[in-house]
Amino acid sequence: MAGKFCTGVVTHNSFLPKESKAYCEGMQWRMQGTALQFPITDNPHLADSPAAVTWGLGWIVADNAAPGAITPSDAPCCAVPNVVVAS
């Protein structure tokens, strides 16, 4: 659903804008090319921070879709382009 916040894990706090943004950014990072070209180790957030964790979870959603497309149900809070994620 458009405008919904999510972090890739169930939380009891529905308003986590920084984490929700990081989740989508991690997914979009991985969607740009192969896992070797856009590795999870390129996470720009402070290690072990909530934003770093959710960025990684978003990256994993995209990586799990490869080779294929991410379905909107896998990323209800992110704008998901209709592209194939490269292996």
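Residues numbered from 1 in each chain as written. Predicted model: local features only at pLDDT ≥ 70, side-chain atom pairs only at ≥ 80, totals over all residues. Heavy atoms only, no water.

Q: Describe the overall build of the chain, and please don't skip the residues or the numbers.
A: In terms of regular secondary structure, the chain is built from two helices and zero strands. Across the 87 residues of the chain, 38% fall into the buried class. Long-range pairs, those at least 24 residues apart, make up 53% of the contacts in the chain with a sequence separation of at least 6. Roughly 5,200 Å² of accessible area belongs to the chain as shown, and the carbon and sulfur atoms make up 62% of that amount. (Helix = DSSP H or I, 4+ residues; strand = E, 2+ residues; numbered from the N terminus. Buried < 20%, exposed > 50% of the residue type's maximum accessible area, 1.4 Å probe, protein only. Contact = heavy atoms within 4.5 Å. Areas by Shrake-Rupley, 256 points an atom, 1.4 Å probe, with all protein chains shown as cover.)

Q: Lay out the pattern of salt bridges with the relevant residues and their values.
A: All chains considered together, the criterion is met by two salt bridges. The closest approach of N and O atoms between D63 and R30, which form a salt bridge, is 3.0 Å. With D63 in helix α2 (residues 50–65) and R30 in helix α1 (residues 17–31), this pair connects stretches of sequence that are 33 residues apart. Overall, R30 belongs to the buried group, its relative accessible area being 0%. (Salt bridge = Lys/Arg side-chain N within 4 Å of Asp/Glu carboxyl O.)

Q: Quick rundown of the packing of α1 against α2? Include the residues and the values.
A: At their nearest, the axes of α1 and α2 sit 7 Å apart, and the two run at 35° to each other. In terms of crossing hand, the pair formed by α1 and α2 is right-handed. Residues K18, E19, A22, Y23, E25, G26, M27, W29, R30 and M31 of α1 pack against P50, A51, T54, W55, L57, G58, W59, V61, A62 and D63 of α2. (Axes fitted to C-alpha atoms, helices over the stretch in contact; angles between N-to-C directions. Left-handed = near helix turned anticlockwise from the far one by under 90°.)

Q: I'd like to hear about the packing of aromatic side chains, residue by residue, with values.
A: By the definition in use, this model includes one aromatic pair. Of note, R30 hangs over the ring of W59, and the distance from its end group to the ring centre comes to 5.8 Å. (Phe/Tyr/Trp six-rings, centres within 6.5 Å; stacked < 30°, edge-to-face > 60°. Lys NZ or Arg CZ within 6 Å of the ring centre and 35° of its normal.)

Q: Pulling in residues and values, what's your account of the environment of A65?
A: Positionally, A65 belongs in helix α2. Once the C-alpha coordinates of A65 and M31 are considered, the two residues, 34 residues apart in sequence, prove to be 9.4 Å apart.

Q: Describe the nonpolar core, and please don't skip the residues or the numbers.
A: Counting residues in hydrophobic clusters, the biggest one holds 13 residues, and the most contacted among them are Y23, M27, M31, I70, C77 and C78. Within the residue set of this core, elements represented by two or more residues are α1 and α2. Ranked by residues supplied to this core, first place goes to α1 with four residues. Contact partners of C78, with chain neighbours within four places excluded, come to Y23, C24 and M27. (Core = buried A, V, L, I, M, F, W, Y, C linked by side-chain atoms within 4.5 Å.)

So yeah, pure geometry; function would need other evidence.
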